[in-house]
Amino acid sequence: MTTIAKQNGTSKKESTTAKKAVQEKLAKEAMEPKPVPVAKEQPKPIQTEEKTIINLDDRMQKFEQLKGLAHQRERLSTTLTELNRFKYNQSDSASFYMKDSQGLEFKTTNTNLIQLVTNHLKATLEHRKAELEKQLIEFEL
């Protein structure tokens, strides 16, 4: 044991053996190789570059389908505009005429019947136009 003098004149005894033991232990730990913790490597997702091959013929065919849908919508809009401009008079100035492929004819001047037929036709055409517009919006090239 050694005696260490303090500034105020009192002495204190310390155990040098305990101090040496701690220093030796720290030195020994410093000399030993520390095991490096191995982190588990998570498998990296395999990234494959898939380039879709665009077939020009298929794309042109889809484009033609899109043009066909747009043309149908345009024709329906024109027909609806013409039907909306149609005026019903209570007199015999309006007539409805149909003819089939065999030459059979139907003709009427009954304005109530003409109005019923045109209203039903308008509703059917507007429904079909809405379907076409939905198809056009959802269409993918």
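Residues numbered from 1 in each chain as written. Predicted model: local features only at pLDDT ≥ 70, side-chain atom pairs only at ≥ 80, totals over all residues. Heavy atoms only, no water.

Teacher, can you tell me more about a nonpolar patch on the surface here?
Together, M98, F106, L113 and V117 make up an exposed nonpolar region whose accessible area comes to about 300 Å². Within the element layout of this structure, M98 appears in strand β3 (residues 96–99). On the basis of relative accessible area, M98 is assigned to the partly exposed category, the value being 44%. (Patch = residues over 30% accessible without salt bridge, like charges linked within 9 Å, V, L, I, M, F, W, Y side chains within 5 Å. Areas by Shrake-Rupley, 256 points an atom, 1.4 Å probe, with all protein chains shown as cover. Salt bridge = Lys/Arg side-chain N within 4 Å of Asp/Glu carboxyl O. Helix = DSSP H or I, 4+ residues; strand = E, 2+ residues; numbered from the N terminus. Buried < 20%, exposed > 50% of the residue type's maximum accessible area, 1.4 Å probe, protein only.)

Hey, could you run me through the pattern of salt bridges in this one?
Close approach of charged atoms allows side chains of opposite charge to pair. Enumeration over the complete set of coordinates arrives at three salt bridges. Close ionic contact of E64 with K67 constitutes a salt bridge, the shortest N to O distance being 3.7 Å. Here the residue E64 and the residue K67 both occupy positions in helix α2 (residues 56–85), the gap between them amounting to three residues, near one helical turn. For E64, a relative accessible area of 44% puts it in the partly exposed group. A residue is classified by how much of its surface remains accessible, and K67, at 43% relative accessible area, is partly exposed. Across the pair R128 and E131 runs a salt bridge, and its minimum N-O distance is 3.4 Å. Remark: E131 and R128 occur in helix α3 (residues 111–138); sequence separation between them is three residues, near one turn of the helix. On the basis of relative accessibility, which here comes to 31%, the residue R128 falls in the partly exposed class. Of the residues examined, E131 reaches a relative accessible area of 34% and is grouped as partly exposed.

What am I meant to see in α2 here?
Three or four residues apart is the spacing at which side chains of an α-helix point the same way, because the helix has 3.6 residues per turn. Its 30 residues place the ends of α2 44 Å apart at the C-alpha level, agreeing with the 44 Å of an ideal helix rising 1.5 Å per residue. By the burial criterion, the buried members of α2 are L69, L76, S77, L80 and L83. Of the surrounding secondary structure, the elements contacted by the buried residues of α2 are α3. Its side-chain oxygen at 3.1 Å from the backbone nitrogen of D57, N55 defines the N-terminal cap of α2. (Expected span 1.5 Å × (residues − 1). Contact = heavy atoms within 4.5 Å. Polar contact = N/O pair within 3.5 Å; in protein donor to acceptor, adjacent residues only side chain to side chain.)

Please explain α3 as it appears in this structure.
In this model, α3 (28 residues) spans 40 Å end to end at C-alpha, consistent with the 40 Å of a helix rising 1.5 Å per residue. Listed as buried for α3 are T111, I114, T118, K122, L125 and L132. Turning to α3, the residues buried within the fold contact α2, β3 and β4 (105–108).

I'm lost on the nonpolar core in this one. Help?
Generally speaking, soluble globular proteins have nonpolar side chains that are buried together. Counting six residues, the largest nonpolar core is built from L69, L76, L80, L83, L125 and L132. Contributing elements (two or more residues each) for this core: α2 and α3. Residue contributions to this core peak at four residues, all from α2. Beyond its immediate sequence surroundings of up to four residues, L76 is in contact with L125, R128, K129 and L132. (Core = buried A, V, L, I, M, F, W, Y, C linked by side-chain atoms within 4.5 Å.)

Help me out: how do you make sense of the pairing of β3 in this one?
On a regular strand, each side chain points to the face opposite its neighbour's, so the side chains alternate between the two faces of the sheet. Both β3 and β4 contribute to a ladder of four bridges, which runs antiparallel. When the sheet's bridge partners are listed, Y97 is paired in β4 with K107. Counting the residues between successive antiparallel strands, the hairpin from β3 to β4 contains five residues, one of them, G103, with a positive phi of roughly 95 degrees. (Pairing = 2+ DSSP bridges.)

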